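Each chain, written out:
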Amino acid sequence: MTKKSPYQVVKYQYVTEKSMVLQQLKTAESNPSVKRCESPKYVFIVDRNANKEEISQAVEEIYKNENVKVMAVNTINVKAKARRVRGRPGFKNAFKKAIVTLRAGDSLDNV
């Protein structure tokens, strides 16, 4: 079995309003329950066949200059959604998201 490149496993960082909230958990001061979260979380789009161990190793390899350590990986399979384009039915692509929790104090902000 061939070893995948880390860039084949982790395709790109997923940037939405909700993913930005997860990244800012470590600096949130407004909510006392959120203030307890010292570990930042980052959301990535990953290969549909990648497992959590491969995702963890790939993130650490890609950001090895930042010396980050992955503490946990949660994955979500997002199903294809039906939609219409110019009156014709079609689907948005299905994808897999990975929510990666880093060690407290680590950050990808300066990347």
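Residues numbered from 1 in each chain as written. Predicted model: local features only at pLDDT ≥ 70, side-chain atom pairs only at ≥ 80, totals over all residues. Heavy atoms only, no water.

**Examining the overall build of the protein chain**
Within the protein chain, the secondary structure is distributed over 4 helices and 6 strands. Beginning at the N terminus, the succession of helices and strands in the protein chain can be written as α-β-α-α-β-α-β-β-β-β. Per-residue burial for the protein chain yields a buried fraction of 29% across its 111 residues. Put simply, of all contacts in the protein chain between residues at least 6 apart along the chain, 67% involve residues at least 24 apart. Roughly 7,900 Å² of accessible area belongs to the protein chain as shown, and the carbon and sulfur atoms make up 49% of that amount. (Helix = DSSP H or I, 4+ residues; strand = E, 2+ residues; numbered from the N terminus. Buried < 20%, exposed > 50% of the residue type's maximum accessible area, 1.4 Å probe, protein only. Contact = heavy atoms within 4.5 Å. Areas by Shrake-Rupley, 256 points an atom, 1.4 Å probe, with all protein chains shown as cover.)

**Quick look at unusual backbone geometry**
A positive phi angle is found at Asn67, which is not glycine, with a value near 55°. As for its placement among the helices and strands, Asn67 is situated in the loop between α4 (52-62) and β3 (70-78). A positive phi angle, near 55°, is found at Arg86, a position not held by glycine. Along the chain, Arg86 falls in the loop between β4 (82-85) and β5 (88-91). By relative accessible area, which is 84% here, Arg86 ends up exposed.

**A short note on the packing of aromatic side chains**
Taken as a whole, this structure holds 2 aromatic pairs when the rule is applied. Pairing Tyr14 with Phe95 gives two aromatic rings, centres 5.8 Å apart and planes at 50°, and the pair type is tilted. Here Tyr14, found in the loop between β1 (10-13) and α2 (17-23), pairs with Phe95, found in strand β6 (residues 95-102); they are 81 residues apart in sequence, far enough to count as distant. Look at Phe95 and you get partly exposed, because its relative accessible area is 23%. (Phe/Tyr/Trp six-rings, centres within 6.5 Å; stacked < 30°, edge-to-face > 60°.)

**Overview of the sheet that holds β3**
One open sheet accounts for 4 strands, arranged β1-β2-β6-β3; its pairing is antiparallel. The open sheet has two edge strands, β1 and β3, and neither has a second partner. Direction aside, the axes of adjacent strands within the sheet are offset by 30° on average. Note that β1 and strand β2 (residues 41-46) share 3 bridges and pair antiparallel. In the sheet register, Tyr12 faces β2, and the bridge partner there is Ile45. This element, α4, spans β1, β2, β3 and β6 of the sheet and lies at about 120° to β3. (Pairing = 2+ DSSP bridges. Axes fitted to C-alpha atoms, helices over the stretch in contact; angles between N-to-C directions.)

**Brief notes about the pattern of salt bridges**
Applying the stated criterion to the full structure yields 3 salt bridges. Measuring nitrogen to oxygen at the nearest pair gives 3.2 Å for the salt bridge that ties Lys64 to Glu61. (Salt bridge = Lys/Arg side-chain N within 4 Å of Asp/Glu carboxyl O.)

**Quick notes on the environment of Leu102**
Mapped onto the fold, Leu102 is located in strand β6. On a C-alpha basis, the gap between Leu102 and Val59 in space is 9.9 Å, while along the polypeptide they are 43 residues apart. Apart from residues no more than four positions distant in its own chain, Leu102 is found in contact with Ser39, Pro40, Tyr42, Val68, Lys69, Val70, Met71, Ser107 and Leu108.

Limitation: the analysis is restricted to geometry and does not speak to function.
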